Amino acid sequence: MRALVLGLVAVATPAAADSFEAQAQQATRAPLADVIWPVVATCERGDDTQQRQCKQVRDRKRKAPPATYLVVADPGALAIGAWAADKKGVAVSVASCLDCKGVAIEGRRWQVVAAGDKRALYDAPRAFADEVAAKTWRASLGTPRVELVVKAPALAAKKDTVHVDVVAWRVVDPCSGAIVAASPGSQAIAADPKACPPPAGKRPPTAPPAKAP
């Protein structure tokens, strides 16, 4: 999958045909649990009426044409490594696991993973002039938002894992609006100052460790 790392400043232009925005326009925003529910639902909870109604909805969704969804993955999918002096940068990776902790459905957790054998959607170094610049960039990031355009999974799940086809993805820094990484390319979004981490001098003090009895 072709990936593109963008800078912190982008000029607003119409969405290109081969862009994250173009793919997202065709998708329906939905929680990840709703996307995989028709695949894994057993409809064995509740009384007979509830189970029958659940199965009717589930089977109708299974028979519907494949749909495309815009979902938000676990922020932990983005990993930023430590400064590497020999490479003059830090490693940036986006895991192929959309929710490694598992999505809870009917009392069971299902790990959602991008289809294919790749362990990561993206894995490449990000260059900086020096370690100070790298640490400054890392500290400026708010909580990253990992967005993906996925196709509904096939009617199959192996063990506790459901595979989905990832059509497009991007990692957004909501603080600056910058795109950390994307495939295909994506434009920057509006910055949200409320999503920025507090300045170092204004961060709440860390609570002291509890004393042992």
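Preceding this section is the structure that the text describes.
What counts and how
- Residues numbered from 1 in each chain as written.
- Predicted model: local features only at pLDDT ≥ 70, side-chain atom pairs only at ≥ 80, totals over all residues.
- Heavy atoms only, no water.
- Buried < 20%, exposed > 50% of the residue type's maximum accessible area, 1.4 Å probe, protein only.
- Helix = DSSP H or I, 4+ residues; strand = E, 2+ residues; numbered from the N terminus.
- Pairing = 2+ DSSP bridges.
- 1 Å grid on protein atoms, 1.4 Å probe; cavity = no way out; pocket = protein on both sides within 12 Å on 5 of 7 lines; lining within 4 Å.
- Points joined across faces, edges and corners; volume = space filled by probe spheres on them.

A. Spotlight on the pairing of strand β8 (residues 145-151). Of all 7 residues that make up β8, 5 are buried, and the element is covered over most of its length. The pairing of strand β2 (residues 68-72) with β8 spans 5 bridges and is antiparallel. Following the sheet pairing, V71 is matched in β8 by L148. Across 7 bridges, the pairing between β8 and strand β9 (residues 161-172) is antiparallel. Bridging across to β9, R145 finds its partner in V172.

B. Looking closely at the layout of surface pockets. Within this model, the largest pocket holds a volume of roughly 360 Å³. Lining the largest pocket are 18 residues; nearest its centre among them are P38, K61, A67, Y69 and A152. Broken down by secondary-structure element, the contributors of at least two residues to the lining of the largest pocket are α2 (32-40) and α3 (48-63). By residue number, the principal contributor to the lining of the largest pocket is α2, which donates 5 residues.

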